[in-house]
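Listed below, chain by chain, are the residues.
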Amino acid sequence: MAAAGDCYLGVDLSTQQIKAMAIDDNLNVIHETNVKFDDDLPEFGTQGGVHVHSDKLTVTTPVLLWVKALDMLLERMKASNFDFSKLKSLSGTGQQHGSVYWKNGASQTLKNMPDDHSLHQILESSFAVKESPIWMDSSTTEECQLLEKSVGGPQRLADITGSRAYERFTGNQIAKINKKNPEDYKKTERISLVSSFVASLFLGDYAAIDYSDGSGMNLMDIHAHSWSQQCLDACAPGLKEKLGVPLPSHSILGSVSPYYVKRFGFSSECKVIAFTGDNPASLAGMRLQQGDIAVSLGTSDTAFLWIQDPKPTLEGHIFCNPVDSSAYMALICFKNGSLTREKIRDESASGSWDEFAKALKATCPGNNGNLGFYFDVMEITPAVVGIHRFNTRNCKVSKFPKEMEVRAVIEGQMLAKRAYAEKLGFKVSAGTVEECAAQLRSDSKQGRPHSNPWSVFIGAAQLLTVSRRSASTPSKVAKTPNMLLECQFPVLDEFSGYSISTWNFACGNEGDQSTGYRRGFFEPRYTAGLQAALGQSFGNVVKIAPAPKLAVTPACEANKVYGPMLTRYMELEKLVQNKC
Ligand code: 5FX
């Protein structure tokens, strides 16, 4: 039973910062804090939260930075008089794929943390690998080839794990560590994902990897929800023991460590719920259901959707669904996201989002046939690097005028999202635009969270055309999952650097695994924290979230411009791929 004043904590460890948010039983956000890695922990010398190594392919973050960031986060909450004793449960999310290597003996250290020391002091020598590989790493091409070969090819690997081998996927990262630094691997007693690492810090014990984030490792059989022995064997010896048994994403792992009770005044009853990956959490948080699609704009951009029958292909990923363990989600990840947009803002719009918006306004959908690919770092989808600009005659040019450049980066990024989502089987049909606009209007009246998934993409132009935004519509209020993108672009400045996160909140009803949890719902800035009465299913929980509101109506004519442009984009992409 919820008691007056109960609250729930969500923690998100992303690429550039760690954030905490607490909500109460009435969905009010009662606390928000963050720690920005570069600014608040300059002693680690990160840029954008990471170290890019000299090969430009290896990308890591010092694991102790993450530990110190959590210390700082909790100290900030304490300093602002946050009442930890009211927390009924906590959970969270982490950037996907990154891994943490706990040294032999670390489990005992975790179980006996003295409350007069910071986590950073306690865990200083608890890691076998000091620089954790993260999702931006693309240094494991050899390991990927070996893994695919060992299971019978890329499609076979995708059939088992949901994805062909990807450099950033954890199994390949582990294989690299085992090959390059076998001593470090031998010294490792447990490997966590970023999500289960933070859960472990709260639990004072090794936390299970959840099914959903576990699907981003190239190691899990996504149908059996268990490690694939074939994949484990191909990556490193004795890996099963080092990973522990994966669990459903809403599992209650136990109570918070006594360390937090004594040091911060947590209730000893406060439950720790399995943490999951940032993208699976976004799927839950956006209340996606079958037929919806959402786009998250962050350090990486992602497009994701709920699916029932997974048919893994060589592009994109299939993960276990964090809300319903019998369902799945598809995800496409684009590495060149907000940092690329910011770079173009700085170079072509005087570092100002207002100027950036003006440049968009001043140009027309389709950019008069000028089109660009902006991959500052090796892209994931597709695997290409470099800036490639094409004029209306498909000739490569080295420069665009500033305003054209602004539109080109946005249109290029959006076209890629639509193109790859279509490759996963989505279709824009004739008349979709009109239907979509109508549906969205009626949805907003009826408060229904769903409508045509293509609303996001069809209007690629629309999302880009600031002038078409209804002046009376507050741009920041869109709650309709499939309208997310439209809302974000007009407020690009607001969203830059954000990834959308969701947090799970336990209710402690351990007797009923299917319903015994709460899940928090969060949208950056205007959130809505959300909870449900104890013992309710996720579906019931999210029913009380604020109804979706229409923020932008897609332009009917947009598809006429972007339909043909999409075909051209894909042809030019092939050209760019072959040249790289
Ligand atoms: C997804 O597969 C990714 O690699 C990224 O979106 C990370 O999760 C970003 F944190």
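Residues numbered from 1 in each chain as written. Predicted model: local features only at pLDDT ≥ 70, side-chain atom pairs only at ≥ 80, totals over all residues. Heavy atoms only, no water.

A few points about the overall build of the protein
Within the protein, the secondary structure is distributed over 24 helices and 23 strands. Taken over 580 residues, the protein has a buried fraction of 62%. Long-range contacts, defined here as pairs at least 24 residues apart, represent 70% of the contacts in the protein between residues at least 6 apart. With an accessible surface of roughly 20500 Å², the protein has 50% of that area assigned to carbon and sulfur atoms. (Helix = DSSP H or I, 4+ residues; strand = E, 2+ residues; numbered from the N terminus. Buried < 20%, exposed > 50% of the residue type's maximum accessible area, 1.4 Å probe, protein only. Contact = heavy atoms within 4.5 Å. Areas by Shrake-Rupley, 256 points an atom, 1.4 Å probe, with all protein chains shown as cover.)

What to know about the confidence of the model for the protein
Model confidence for the protein is summarised by a mean pLDDT of 80, while 74% of its residues fall at 70 or above. Per-residue pLDDT, averaged within each element of the protein, yields its smallest value for helix α22 (residues 492-495) (26) and its largest for strand β7 (residues 99-103) (99). Contacts of residues 429-535 to residues separated by more than four positions or lying in other chains number 326 contacts, the stretch itself having pLDDT below 50. (pLDDT = per-residue confidence, 0-100.)

Considering the sheet that holds strand β20 (residues 386-390)
Read from one edge to the other, the open sheet built from 3 strands follows the order β19-β20-β21, with strand pairing classed as antiparallel. In the strand order of this sheet, the two ends are held by β19 (371-375) and β21 (396-397), each with one partner. On top of the sheet, helix α17 (residues 402-423) reaches β19 and β20; it is set at about 75° to β19, its chief contact. (Pairing = 2+ DSSP bridges. Axes fitted to C-alpha atoms, helices over the stretch in contact; angles between N-to-C directions.)

Digging into the nonpolar core
By size, the foremost hydrophobic cluster in this structure holds 56 residues, and its most contacted members are Trp66, Trp102, Phe197, Phe202, Tyr260 and Phe266. A per-element tally of this core places helix α2 (residues 63-79) first, with 10 residues. Ignoring anything within four residues of it in the chain, the contact list for Phe266 reads Leu74, Phe84, Ser85, Leu87, Leu90, Phe202, Val256, Tyr260 and Val261. Counting 34 residues, the second-largest nonpolar core is a separate cluster that includes Val129, Tyr185, Ile191 and Leu239. (Core = buried A, V, L, I, M, F, W, Y, C linked by side-chain atoms within 4.5 Å.)

Some words on the site of the ligand
Near the ligand you find Gln95, Gln96, His97, Trp135, Arg168, Asp278, Asn279, Ser300, Thr302, Leu331 and Cys333, and these make up its full shell. Within the side chain of His97, one N or O atom sits 2.6 Å away from an oxygen atom of the ligand. Ser300 places a side-chain nitrogen or oxygen 2.7 Å from an oxygen atom of the ligand. If the ligand stood free it would expose 290 Å²; the protein chains cover 98% of that surface. Within the residue set of the shell around the ligand, elements represented by two or more residues are α14 (278-285) and β18 (328-334). (Near = heavy atom within 4 Å. Polar contact = N/O pair within 3.5 Å; in protein donor to acceptor, adjacent residues only side chain to side chain.)

Brief notes about the pattern of salt bridges
Enumeration over the complete set of coordinates arrives at 19 salt bridges. Among the ionic pairs, Asp40 bridges to Arg76, the shortest N-O distance being 3.2 Å. You can see Asp40 sitting in helix α1 (residues 37-40) and its partner Arg76 sitting in helix α2, a full 36 residues away along the chain. Put simply, Lys343 and Glu347 hold a salt bridge, and the shortest N to O gap is 3.5 Å. On the criterion of helical spacing, the pair formed by Lys343 and Glu347 is a turn pair, its members being 4 residues apart in helix α15 (residues 338-348). Where salt bridges share partners, they join Glu142, Glu143 and Lys179 into one cluster. (Salt bridge = Lys/Arg side-chain N within 4 Å of Asp/Glu carboxyl O.)

A word on the sheet that holds strand β4 (residues 51-52)
Across the sheet, which stays open at both edges, the 3 strands sit in the order β4-β5-β8 with antiparallel pairing between neighbours. Two strands bound the open sheet, and with one partner strand each, they are β4 and β8 (131-133). One ladder, built from 3 bridges, connects strand β5 (residues 59-62) with β8; its direction is antiparallel. Bridged to Thr60 within β8 is Pro133. Running at roughly 45° to β5, α2 makes contact with β5 and β8 of the sheet.

Overview of helix α7 (residues 170-180)
Counted residue by residue, α7 has 9 buried out of 11 residues, so it is predominantly covered. Every buried residue of α7 is listed here: Thr170, Gly171, Asn172, Gln173, Ile174, Ala175, Lys176, Ile177 and Asn178.

Regarding the pairing of β18
Look at any regular strand and the pattern is simple: side chains alternate between the two faces of the sheet. Of all the 7 residues making up β18, 7 are buried; the element is thus mostly covered by neighbouring parts of the structure. Side chains Tyr328, Ala330, Ile332 and Phe334 project from β18 onto one buried face, and the interleaved Met329, Leu331 and Cys333 project onto a second face that is buried too. Both strand β17 (residues 317-320) and β18 contribute to a ladder of 4 bridges, which runs antiparallel. From the neighbouring strand, Ile318 faces β18, where its bridge partner is Ala330.

Observations regarding the side chain of Lys242
Positionally, Lys242 belongs in helix α12 (residues 239-243). At 7.5 Å, Glu241 is the nearest oppositely charged side chain to Lys242, a buried residue that forms no salt bridge. Dropping the residues within four chain positions of it, Lys242 is found in contact with Tyr185, Lys186, Thr188, Glu189, Arg190, Ile191 and Pro237. (Lys, Arg positive; Asp, Glu negative; His and termini not counted.)

Points about α17
Taking 1.5 Å as the rise per residue, α17 with 22 residues should run 32 Å; its terminal C-alpha atoms sit 32 Å apart, in good agreement. Burial analysis of α17 places 17 of its 22 residues in the buried class, which makes it a mostly covered element. (Expected span 1.5 Å × (residues − 1).)

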